[in-house]
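Survey of secondary and tertiary structure
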Amino acid sequence: MGMMIAKTANSPIPNPNRRTLLKVAGLAAIAMLSACSTVSVPTGEGAGVSSSATATLAGLRATAGFGPLTPDAQLEQAALQQAGYMASRERMSHSTGWGKDFASRMKDNGVRGAAAENIAEGRFDQQKLFDIWMHSQGHRRNILDPDFSRFGLAYVRDGRDPNLRYWSLVLGR
């Protein structure tokens with residue numbers, strides 16, 4: 001699975017007048033404020049559950065001949081952030097509504113190097129979650145990737161249906 005990184009060009013404003021400069025300054029201020037905002041999840045309950053998944057992931061990786069993954073608070077925070085976003089929008093997505101793709105979300109969370117993410121939505125527990133992921137080629141490949149040594153797992157419950165959870169697993173070096 002490849003990652004796409006968007007590039008933007010900076011072009012000067014020809015003959016800027018006071019009104020144009022104020023508009024640009026206002027837009028820049030809004031952009032900086034939105035970039036600094038944190039995800040708030042008005043619906044449901046969220047939980048970082050990395051420690052409860054450590055043994056499950058270790059067992060799955062051991063059967064494939066790989067070492068265990070270590071729970072990581074930074075990756076768990078990134079997972080919780082994405083689970084919260086999905087719950088607030090009531091849909092699964094690797095990107096966010098404020099223009100953040102996976103690569104930029106990882107960078108914003110201080111995650112460096114290779115990383116991957118599995119997401120899910122459903123009325124199931126953690127054991128069933130890993131069963132589903134291990135029966136999906138791409139999700140299984142992420143979990144068993146020998147380059148990864150750390151992980152963060154989180155979910156956010158849907159505020160309207162307490163049995164519905166939005167899950168995110170972030171894996172990193």
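Every chain is numbered on its own, with residues counted from 1 as its sequence reads. A pLDDT threshold of at least 70 governs which residues receive local features in this predicted model, and a stricter bar of 80 or more applies before side-chain atom pairs are shown or counted, although totals over entire chains, interfaces and linings include all residues. Hydrogens and water molecules were not included; the side-chain quantities draw on all heavy atoms of the structure.

1. Description of the packing of helix α2 (residues 50-63) against helix α5 (residues 126-134)
The N-to-C vectors of α2 and α5 enclose an angle of 30°; their axes lie 11 Å apart at closest approach. Comparing their axes, α5 and α2 come out roughly parallel. Regarding α2 and α5, the two cross each other, and that crossing is right-handed. Contact residues: α2 offers S52, A53, T56, L57 and L60, while α5 offers Q126, Q127, F130 and M134. Between the N-to-C directions of two axes lies an angle of 0 to 180 degrees, each axis being a line fitted to C-alpha atoms and, for a helix, fitted only over the stretch in contact. A helix here means a DSSP run of H or I that spans at least four residues, while a strand means a run of E at least two residues long, and both kinds are numbered starting from the N terminus. Small angles under 35 degrees read as roughly parallel and large ones over 145 as roughly antiparallel, with 65 to 115 read as roughly perpendicular and the rest as oblique. Left-handed describes a crossing whose near helix is turned anticlockwise from the far helix through less than a right angle; right-handed describes the clockwise counterpart. Throughout, a contact is declared for two residues whenever any of their heavy atoms are within 4.5 Å.

2. Examining the side chain of N109
With respect to the helices and strands, the residue N109 is situated in the loop between α4 (102-108) and β3 (115-122). Of the residues examined, N109 reaches a relative accessible area of 16% and is grouped as buried. When neighbours within four sequence positions are excluded, N109 is seen to be in contact with Q74, Q77, A78 and Q81. Using a 1.4 Å probe on the protein chains alone, a residue whose accessible area is under 20% of its type maximum counts as buried, one over 50% counts as exposed, and one in between counts as partly exposed.

3. Things to note about the pattern of salt bridges
We define a salt bridge as a contact between a side-chain nitrogen of Lys or Arg and a carboxyl oxygen of Asp or Glu at a distance within 4 Å. Applying the stated rule across the entire model yields six salt bridges. One salt bridge in this structure joins K128 and D131, with 3.7 Å as the shortest N-O distance. Here K128 pairs with D131, and both are found in helix α5, just three residues apart, close to one helical turn. For K128, a relative accessible area of 41% puts it in the partly exposed group. Residue D158 is joined to R160 by a salt bridge in which the shortest nitrogen-to-oxygen separation is 3.3 Å.

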